[in-house]
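Examining the three-dimensional arrangement
Next come the chains, spelled out residue by residue.
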Amino acid sequence: MTCLEHDIGAGDATIAIGNTAERMASDVPRFHTSRSSLSLTVHANRPLIDGHGRTIDHLRLSVTSACNLRCLYCRPTIRTSACRADLSDAQRVELVKHLYDHRGLRQLRLTGGEPLMHPAIIPLIESLRHAAPLLPLAMTTNALFLASMAVRLREAGIDRLNISLDAIDPSRYRALTGGRVEDAIRGIDAALAAGFPSPKLNTVVLDGINDDQIIELARWAMERALEIRFLEAMPIGPAAEFNRKHFVPARRMKAILASHFRLAPLEHCDGETAMRYVVNDGSVRGTIGIIAPISESFCGQCRRMRLTADGKLFPCLLDSRHIDLKDCWQEGIFDSDAVDRLIEQAIFGKNAHGSLHQQTGMITLGG
Ligand code: SAM
């Protein structure tokens, strides 16, 4: 198997015929893309390719900007009064279906905020799964609510989970995130019991805050056969200054790990953001990753775009420029031609490298 696990084809040319939206009266989102589309264009499956030849076929979809944690490296400062209305779930499904059928979407990751705080997350996932049956569907979560939701998430159609775990010591976890690590651990156990393939764990490493947790976290993960990835903190949004001050470069993370484990580098796969190492030291074995968006940028391999809960599309995580897709629904009717035009322009203008001029916080961008 190649590194791109699911290289699937989707969406033959179809004719989207205008029609009045047949929305269900209930709040449960259903997909109605072509029935409610204004477009009379024949859409082929045209991948989105940026001005540097990169195919942009991964979407991170933030389904809420609400979060149940207050991580120091994210520092959400969202004021409710300043929030615009979110896209509806029906609009999200409509958009994903369009990108899947016509623009070569190959991977969808639900994020937030905390996606499990979305009040209708299960029906949303069911609708996305129905709209894009073969689309690999992943979620990034802090796992605090996972214990009671893992089975339903799996049944609704989530294929894979990434779980944020920034410390294993309860008081360190609380100081860094404001939450209880016991809840996150219960969530991880529930995900495994529900039959999810081993979730990947993500740890943002901060100097003097949790860098002394690296070895304990790595051991804890390897004992459970979980892959853990240590991330450089990105200096963006309201936590930019804090993250600069506490920045730990990948080479230091590697040195800390190498002082305890023998690390054998794994071959780097296309599209893989982590540098991955195999550990096989007698009783300890497993795989550890280091993700270095700042010191060893992987922009050249970027395939991602991000959509915020309120409908802004950011072609680059590390660049404030974005477009607003909310106006692509006029009186509830989806204008797929307008979406295509706007997204093509935005993707084509994506810089070769992120500029780090990003005022929007990660709680909005989704990571
Ligand atoms: N609430 C979910 C969670 O905690 O996983 C999803 C949203 S969170 C914004 C997505 C990911 O972004 C998490 O793994 C988080 O650790 C990471 N993240 C947030 N701020 C970051 C920063 N400044 N630098 C690097 N990663 C960051």
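Refer to the structure printed above.
These numbers were taken from a predicted model, which means no experiment stands behind them.

Moving on to the overall build of the protein chain. Looking only at helices and strands, one finds 11 helices and 16 strands in the protein chain. Counting the 367 residues in the protein chain, one finds 53% classified as buried. For the protein chain, the share of sequence-separated contacts (at least 6 apart) that also reach a separation of at least 24 residues comes to 72%. Summed over its atoms, the accessible surface of the protein chain is roughly 16,000 Å², and 53% of this surface lies on carbon and sulfur atoms.

What follows covers the packing of aromatic side chains. Within the structure shown, the criterion is met by 1 aromatic pair. In this structure, Arg-75 packs its charged tip against the face of Phe-242, placed 4.6 Å from the ring centre. The ring of Phe-196 has Arg-154 sitting right over it, with the charged end atom 5.1 Å from the ring centre.

Moving on, we come to the side chain of Arg-109. With respect to the helices and strands, the residue Arg-109 is situated in strand E4 (residues 107–111). Beyond its immediate chain neighbours, meaning those up to four positions away, Arg-109 contacts Leu-59, Arg-60, Leu-61, Ala-138, Met-139, Thr-140, Arg-160 and Asn-162.

Tyr-73, Gly-113, Glu-114, Ser-164 and Met-234 are the nearest of the 19 residues found near the ligand. Thr-141 places a main-chain nitrogen or oxygen 3.4 Å from an oxygen atom of the ligand. Met-234 places a polar main-chain atom, nitrogen or oxygen, 2.8 Å from a nitrogen atom of the ligand. Relative to its unbound accessible surface of 550 Å², the ligand loses 94% to contact with the protein.

A separate point is the sheet that holds strand E9 (residues 263–265). The strand order across the open sheet formed by 12 strands is E9-E10-E11-E8-E7-E6-E5-E4-E3-E12-E13-E14, and the pairing between neighbours is mixed. Each edge of the sheet is formed by a strand with only one pairing partner; in this case those strands are E9 and strand E14 (323–324). Relative to strand E6 (residues 160–164), strand E5 (residues 137–141) runs parallel, the two sharing 4 bridges. Residue pairing for E6: Thr-141 is matched across the bridge by Ile-163. Together, strand E3 (58–62), E4 and strand E12 (304–307) form the strand contacts of helix H2 (residues 89–102), whose direction differs from that of E3 by roughly 180°. Along the sheet face, helix H3 (residues 121–131) touches E4 and E5 and points at about 155° away from the line of E5.

Reading the values: rules and limits
- Every chain is numbered on its own, with residues counted from 1 as its sequence reads.
- Selection of residues for local features in this predicted model requires a pLDDT of at least 70, selection of side-chain atom pairs for listing and counting requires 80 or more, and totals for whole chains, interfaces and linings are taken over all residues.
- With hydrogens and water set aside, each side-chain value is computed from the structure's full complement of heavy atoms.
- Runs of H or I in DSSP of at least four residues are treated as helices and runs of E of at least two as strands, each being numbered from the N terminus.
- Exposed residues in this analysis have more than 50% of their type's maximum accessible area, buried residues have under 20%, and partly exposed residues fall in between, with area computed by a 1.4 Å probe over protein chains only.
- Throughout, a contact is declared for two residues whenever any of their heavy atoms are within 4.5 Å.
- In these tables, accessible area is a Shrake-Rupley quantity obtained with a 1.4 Å probe, and a residue counts as shielded only by the protein chains included in the view.
- Classification of ring pairs rests on two measures: the distance between centres of Phe, Tyr or Trp rings, Trp counted by its six-membered ring, which must be within 6.5 Å, and the angle between planes, read as stacked under 30 degrees, edge-to-face over 60 and tilted in between.
- Comment: the charge-over-ring label is applied if NZ (Lys) or CZ (Arg) is within 6 Å of the ring centre and within 35 degrees of the ring normal.
- Nearness is defined per residue: one heavy atom within 4 Å of the molecule or strand is enough.
- Polar contact is the term for a pair of N or O atoms within 3.5 Å; when the atoms are in protein, one must be able to donate a hydrogen and the other to accept it, and sequence-neighboring residues count only if both atoms are side-chain atoms.
- In this description, strands pair whenever DSSP reports at least two bridges between them.
- Note on geometry: axes are C-alpha line fits, over the in-contact stretch for helices, and angles between N-to-C directions span 0 to 180 degrees.

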